[in-house]
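Secondary and tertiary structure notes
In case you want the letters, here they are:
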Amino acid sequence: MKSEPNIKKIIYLLGAAAFAFGLWGFYLRFFVGERMVNYGSYVVWGLWVAMYLFYGGISTGSMMIASLEYLFGMRLFKGSGKIALWGAVVTMPAALVTIAMDLGHMERIWKVFFQPNLFSVMAQLVWGYSIFMAVLLAALWLVIRLESGKQDARPWLRFVMGIGLFLSIFLSGGVGALLGVNASREAWHTAMLPAQFPVFSLLSGCALMLILLGWFTPADEKRAQQLRVLSIGLLILLMVKAYYLWVDYSQALYAGTPVASEAVSLVLFGRFGWAFWLLQLGLGMLFPIVFLLFTRFQQNPFWSGVLGVAVLVGIAVARANIIFPMLSIPELEGLAHAFTGPHLNYDYYPSLMEWAVTLGVTGGAALAWLLGVDFLPFFKTNSQEVAQ
């Protein structure tokens, strides 16, 4: 694609600028603490938790896509597995760094490893993510060996990818369970969330692959067909996501339970409404669905990247719309007026420091992926068949 070098240069510049801006945010977080964040005692989770869900979903979804070549041996996706796998490798640290910024005492993280409560969903996720990161690195090492001609890596790679696929589904559902087990939060307390999140992760992985294959990898004889298959998969997943959205919101409004219906009303008609209608629904769902109905857009590298970006923006907003509105509703009537002060309000919007850290993490992940593709030797070789 002729515009590929220009797009890559633009992303390099934007990634470097975002990362540099993020260094200021990291400095404030480590040396000033949480005094400059806008979440607090009432709204206890903010932008960083939402972005942790976002980055984690991209990583696990990318692992699902990588399994198409390295586990199931689908020849159509030959050459795409290492691209997806590297995407998973760079986005999982982004998720972990982002959620680490939300911890009040990061130095206590060792307790979940040496004094865990394994019946805790959060402890299961911490251990699961740690194992998943090790699996990603092991798979990457085996792919490098396979690309260098070491055929003994073939069976081990399929074994590791099988574990990775299981973990990607488990961790995606686990995030939904982390929210769903909160019985005090009516809008979260549903068995649907753990079932929905693996679908959302796969949607994220498809969207990322459309960007990476469309904008950043050289064209070959299979590229147009790969983009078309991924585009059709993305279209189906978007329609499934739209159905889930309808089910969640219509049931909450029809049942009329106070907290759940109020949370949905905040998303649809309150101060979060512009983000829902314009970004989550308009840009992230309706725009790509309309364009993906036409074959010429499904196979066009430039438009594949554009639609992938639109879907990821919509997913990021959707993650925020899961977190922010539910926590913006007082658990006790009158609590918002009984105690007031810094970090004691329900009108949450991320601070500049929170945005800086988020942009820094995003820029760092983008730079890491591009630098890996440009300089890691195994990206320069022809992919070896995993399945014979």
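Residues numbered from 1 in each chain as written. Predicted model: local features only at pLDDT ≥ 70, side-chain atom pairs only at ≥ 80, totals over all residues. Heavy atoms only, no water.

**Observations concerning the overall build of the protein chain**
Quick reminder of the rule: Helix and strand assignments come from DSSP, with helices taken as H or I runs of at least 4 residues and strands as E runs of at least 2, each series counted from the N terminus. It is over C-alpha atoms that the radius of gyration is taken, and the globule rule equals 2.2 Å times the number of residues to the power 0.38. Burial classes follow relative accessibility: with a 1.4 Å probe on protein chains only, a residue under 20% of its type's maximum area counts as buried, one over 50% as exposed, and anything between as partly exposed. Here a residue-residue contact requires only that any non-hydrogen atoms of the pair lie within 4.5 Å. For the area figures, the Shrake-Rupley method with a 1.4 Å probe applies, and any residue is considered shielded solely by the protein chains shown. Charged residues are defined here as Lys and Arg on the positive side and Asp and Glu on the negative side; His and the ends of the chain fall outside this count. Just so you know, the charge point we use is NZ for Lys, CZ for Arg, CG for Asp and CD for Glu.
A tally of helices and strands in the protein chain yields 14 helices and zero strands. For 388 residues, the compact-globule estimate of 2.2 N^0.38 gives 21 Å, and the protein chain sits close to it at 21 Å. Each principal axis of the C-alpha atoms in the protein chain carries an extent, and together these give about 70 × 50 × 40 Å. Burial status across the protein chain gives 53% buried among its 388 residues. Taking as baseline every contact in the protein chain between residues at least 6 positions apart, the subset at least 24 positions apart corresponds to 79%. Just so you have it, the protein chain exposes about 17,600 Å², and 71% of that area is on carbon and sulfur atoms. For the protein chain, the centre of its 23 positive side-chain charges and the centre of its 18 negative side-chain charges are spaced 11 Å apart.

**A look at empty space enclosed by the protein**
Selection rule: Put plainly, a pocket is an open set of points on a 1 Å grid over the protein atoms alone with protein on both sides within 12 Å along at least five of seven lines, a cavity is a set where a 1.4 Å probe fits but cannot get out, and a lining residue has an atom within 4 Å of a point. Grid points are joined across faces, edges and corners, and a volume is the space filled by probe spheres set on the points. Residues are grouped as follows: nonpolar covers Ala, Val, Leu, Ile, Met, Phe, Trp, Tyr, Cys and Pro; charged covers Asp, Glu, Lys and Arg; every other residue, Gly included, is treated as polar.
Under the defined criterion, the tally for this structure stands at one cavity of 30 Å³ or more. For the lining of the largest cavity, the element with the most residues is helix H2 (residues 47-70), which contributes six residues. Along the lines of polarity and charge, the residues of the lining of the largest cavity split into eight nonpolar, six polar and one charged.

**Some remarks on the layout of surface pockets**
Looking at the largest pocket, its volume works out to about 1,300 Å³. In terms of lining, the largest pocket is formed by 42 residues, of which the most central are Phe54, Tyr55, Val313, Ala316 and Thr362. Counting only elements with at least two residues in the lining of the largest pocket, the list comes to helix H1 (4-31), H2, helix H3 (81-101), helix H7 (192-215), helix H10 (273-292), helix H12 (301-327) and helix H14 (352-375). A total of nine residues in the lining of the largest pocket trace back to one element, the largest contributor, which is H14. For the lining of the largest pocket, a count of residues per class yields 34 nonpolar, seven polar and one charged. Looking at the second largest pocket, it is lined by 28 residues, and the ones nearest its centre are Ile99, Leu103, Ile109, Met122 and Val126.

**Overview of H2**
Under the convention used in this document: To estimate the expected span of a helix, subtract one from its residue number and multiply by 1.5 Å.
Under the 1.5 Å per step criterion, the end-to-end length of H2 is 34 Å for 24 residues, consistent within 8% with the ideal 34 Å. Within H2, 24 of the 24 residues are buried, leaving the element largely enclosed by the surrounding structure.

**Looking at the packing of aromatic side chains**
Here is the rule we go by: Stacked, tilted and edge-to-face are the three classes applied to pairs of Phe, Tyr and Trp rings, where Trp contributes its six-membered ring and a pair requires centres within 6.5 Å; stacked means planes under 30 degrees apart, edge-to-face means over 60, and tilted covers the rest.
Evaluated as defined, the whole model comprises 27 aromatic pairs. Taken together, a centroid distance of 6.2 Å and an interplanar angle of 80 degrees make the contact between Phe200 and Tyr244 edge-to-face. Placement of the pair is Phe200 in helix H7 and Tyr244 in helix H8 (residues 223-255), with a sequence separation of 44 residues. Assessed through its relative accessible area of 8%, Phe200 is described here as buried.

**Describing the pattern of salt bridges**
As a working rule, side chains carrying opposite charge can pair if their charged atoms are close by. To keep it simple, the criterion reads: Each salt bridge in this description consists of a side-chain nitrogen of Lys or Arg and a carboxyl oxygen of Asp or Glu lying within 4 Å of one another.
Summed over the entire model, instances satisfying the criterion amount to five salt bridges. The salt bridge partner of Arg145 is Asp152, with a shortest N-O separation of 3.0 Å. Since its relative accessible area comes to 47%, Asp152 is described here as partly exposed.

**Quick look at the side chain of Ser80**
Defined as follows: Between N or O atoms, a polar contact is any pair within 3.5 Å; within protein, one atom must be a potential hydrogen donor and the other a potential acceptor, and residues adjacent in sequence are included only when both atoms are from side chains.
Secondary-structure assignment places Ser80 in the loop between H2 and H3. A polar side-chain atom of Ser80 sits 2.6 Å from the main-chain carbonyl oxygen of Phe77. Sequence-distant contacts of Ser80, that is, excluding residues within four places in its chain, are made with Glu69, Met209, Leu213 and Gln226.

**What to know about a nonpolar patch on the surface**
To be explicit about the condition: Residues qualify for a patch when their relative accessible area is over 30% and they have no salt bridge, like charges being joined within 9 Å and the nonpolar side chains of Val, Leu, Ile, Met, Phe, Trp and Tyr within 5 Å.
A surface patch of nonpolar side chains, amounting to about 770 Å² of accessible area, comprises Leu103, Ile109, Trp110, Phe113, Phe114, Leu118, Trp127 and Ile131. Within the secondary structure, Trp127 is located in helix H5 (residues 121-147).

None of the figures reported here should be taken as evidence of function without further support.
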